[in-house]
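Coordinates in review
Chain by chain, the residues:
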Amino acid sequence: MNKKSIKDIPIKGKSIIMRVDFNVPLDKKTLAITDDTRIKAALPTIEYILKKSPKKLILMTHLGRPDGQIKEELRLGPVANRLQELLKTPVTKLNDCVGDNIKAAIASSKDQVVLLENLRFHSEEEENDVNFAKKLASMADIYVNDAFGTAHRAHASTEGIAHYIPSVSGLLLDKEIEYLGKSLETPQKPFAVILGGSKVSDKIGVIENLLDKTNTLVIGGGMAYTFLKAQGVPIGNSKLEKDKIDLAKETLEKAKEKNVSVVLPVDHLIVDNIDAPTRLETTNGQSIPDGMIAVDIGPKTIELFKKALKDAKTICWNGPLGIFENDKYAKGTKEIGDFITTTRAVTIIGGGDTASAVAKFGLEKKMTHISTGGGASLEYMEGKVLPGIAALNDKE
Ligand code: ADP
Ligand code: MG
């Protein structure tokens, strides 16, 4: 279903309440923001709204896990300051998020932009309490959700509120719906899915959802070794989920029935110890000697994967192909990342670590879409309904 976007409605003179994801990492001692990517990501939607002369723009977010208690170290003061600097517009920061005093403070604020206090200081937020949601809704004419990272949670500020005032998506959410939603629902074919990362169990839902639409399934990273084991290949001490071997077998059979070509590693970079290797070698073939651990795909596999991906029109990538955090084991992830940006395919990146890998290799601008949600992007790729999106108004 198509959801109404902030672009579809008049804003002039209206009070807008917008859920953003300002859940930024803070330095434990100084409480300084150590990474402001999430605040920067919200700027286009904020600027879009401000250009259309709203009466007020009320922003709300959670920060950390205060579990329904006021935690001084999780107040939004540093966030408001950083937002103010980036926006070059004054921002009023309030010391709570609901109630008559807050309403009065919003009405009397000289600033057009107001930031409410951490929503999770109230346990009603995560409980999706009806009265709390109504109180949030009563502060504005229109609700905008631009927080994809929490769209898989039915909380008062992400789901409950949408039942009481007109509710639309923000520009960030629009992009997630466009690519993780629509493009994966009806992909341009050939459609290739690259899966990696640490565990089969984390990704099986994604495989199951996409198997019917996929032409090629490329599997690397830690999860590949459970699949190789399922085919009887010796994997040494590489990552293995013993209780998922049968599931891997079934998945390979299902893929065959559905005519999906599954591409697994044919060689590997192996070490005797991940943190302090005394041996670092490339295998000749698919099997891994006893005691050795695969930490990256090998050179033959890199070429094989490129061949499998070169004609794709849509590529969805979730999960690094090796332990890329270590530069010595990053080559496979980097080369395949580089390669897909040279194809004509729409490239869609999901998963927190895959997004970090793409950033580490400077490929951010070259991908079509990099999802900003970790857990939310995984659930979306699994084909699940995200409550924060489902609750928004449908397009007429
Ligand atoms: P995402 O967050 O993108 O969904 P995951 O969380 O599933 O990705 O997996 C990321 C992790 O997988 C990385 O920390 C990486 O080091 C690890 N990984 C990749 N390849 C291997 C491997 N061969 N052995 C063990 N871990 C691996
Ligand atoms: Mg991860």
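What you see is a predicted model, and the numbers here were worked out from it, not measured in a lab. (Residues numbered from 1 in each chain as written. Chains lettered and ligands numbered in written order. Predicted model: local features only at pLDDT ≥ 70, side-chain atom pairs only at ≥ 80, totals over all residues. Heavy atoms only, no water.)

1. Quick look at the nonpolar core
Among the nonpolar cores identified, the biggest contains 68 residues, and Ile17, Leu116, Leu136, Met139, Phe148 and Phe227 are the most heavily contacted of them. Each of domain 1 (6-172) and domain 2 (180-381) accounts for three or more of the residues forming this core. Every residue in contact with Met139, bar those within four places of it in the chain, is listed here: Ser15, Ile17, Ile58, Cys97, Val98, Ile102, Lys103, Ile106 and Leu116. Of all hydrophobic cores here, the second largest spans 32 residues; its members include Ile11, Ile39, Leu43 and Leu50. (Core = buried A, V, L, I, M, F, W, Y, C linked by side-chain atoms within 4.5 Å. Buried < 20%, exposed > 50% of the residue type's maximum accessible area, 1.4 Å probe, protein only. Domains from an automatic or database assignment. Contact = heavy atoms within 4.5 Å.)

2. A short note on the sheet that holds strand β12 (residues 293-297)
Picture the strands of a sheet paired through backbone hydrogen bonds; they go either parallel or antiparallel. The strand order across the open sheet built from 3 strands is β11-β10-β12, with neighbouring strands paired in antiparallel fashion. With one partner strand each, in any of the chains shown, β11 (280-282) and β12 form the two edges of the open sheet. Averaged over all pairs of adjacent strands, the angle between their axes in this sheet comes to 30 degrees, without regard to strand direction. (Pairing = 2+ DSSP bridges. Helix = DSSP H or I, 4+ residues; strand = E, 2+ residues; numbered from the N terminus. Axes fitted to C-alpha atoms, helices over the stretch in contact; angles between N-to-C directions.)

3. Thoughts on the site of ligand 1
Close to ligand 1 lie 17 residues; Lys203, Gly322, Glu325, Asp353 and Thr354 are nearest. In this structure, Glu325 approaches ligand 1 through a side-chain N or O atom, which is 2.4 Å from an oxygen atom. Interatomic distance of 2.4 Å between a side-chain N/O atom of Thr354 and an oxygen atom of ligand 1. A total of 580 Å² of accessible area belongs to ligand 1 in isolation, and the protein chains cover 85% of it. Considering every element that reaches the shell around ligand 1, the biggest residue donor is helix α12 (residues 352-360), with 3 residues. (Near = heavy atom within 4 Å. Polar contact = N/O pair within 3.5 Å; in protein donor to acceptor, adjacent residues only side chain to side chain. Areas by Shrake-Rupley, 256 points an atom, 1.4 Å probe, with all protein chains shown as cover.)

4. A short note on the sheet that holds strand β14 (residues 346-350)
In space, the 6 strands of this open sheet follow the order β9-β8-β7-β13-β14-β15, with parallel pairing throughout. The open sheet is flanked by β9 (261-263) and β15 (369-370), the only strands paired with a single partner. As paired strands, strand β8 (residues 216-219) and β9 are joined by 3 bridges and run parallel to one another. Paired with Thr216 across the bridge in β9 is Ser261. Relative to β8, helix α10 (residues 299-309) is tilted by about 160 degrees, and along the sheet it contacts β7 (191-195), β8, β9 and β13 (314-318).

5. Looking at the domain arrangement of the chain
Size of an interface, as often reported, equals the accessible area lost when the parts are brought together. Once the domains are mapped, the chain shows domain 1 (6-172) and domain 2 (180-381). Centre-to-centre separation of domain 1 and domain 2, based on C-alpha positions: 36 Å. Across the boundary between the two partners, domain 1 contributes 4 residues, which contact 9 residues of domain 2. Our count for the domain 1 to domain 2 interface comes out at 0 salt bridges. Taken together, the links from domain 1 to domain 2 amount to 0 residue pairs in polar contact (both at pLDDT 80 or more). A class-by-class count of the residues in the side of domain 1 that touches domain 2 yields 1 nonpolar, 2 polar and 1 charged. (Salt bridge = Lys/Arg side-chain N within 4 Å of Asp/Glu carboxyl O. Nonpolar A, V, L, I, M, F, W, Y, C, P; charged D, E, K, R; others polar.)

6. Observations regarding unusual backbone geometry
Residue Lys189 is joined to Pro190 through a cis peptide bond whose omega torsion reads 0 degrees. Tracing the chain through its elements places Pro190 in the loop between α6 (171-185) and β7. Its identity is not glycine, yet Leu31 carries a phi of approximately 65 degrees, on the positive side. For Leu31, the location among the structural elements is in the loop between β1 (15-19) and α1 (37-51). Given the relative accessible area of 30%, Leu31 is considered partly exposed. For Asp67, which is not a glycine, the phi torsion comes out positive at approximately 50 degrees.

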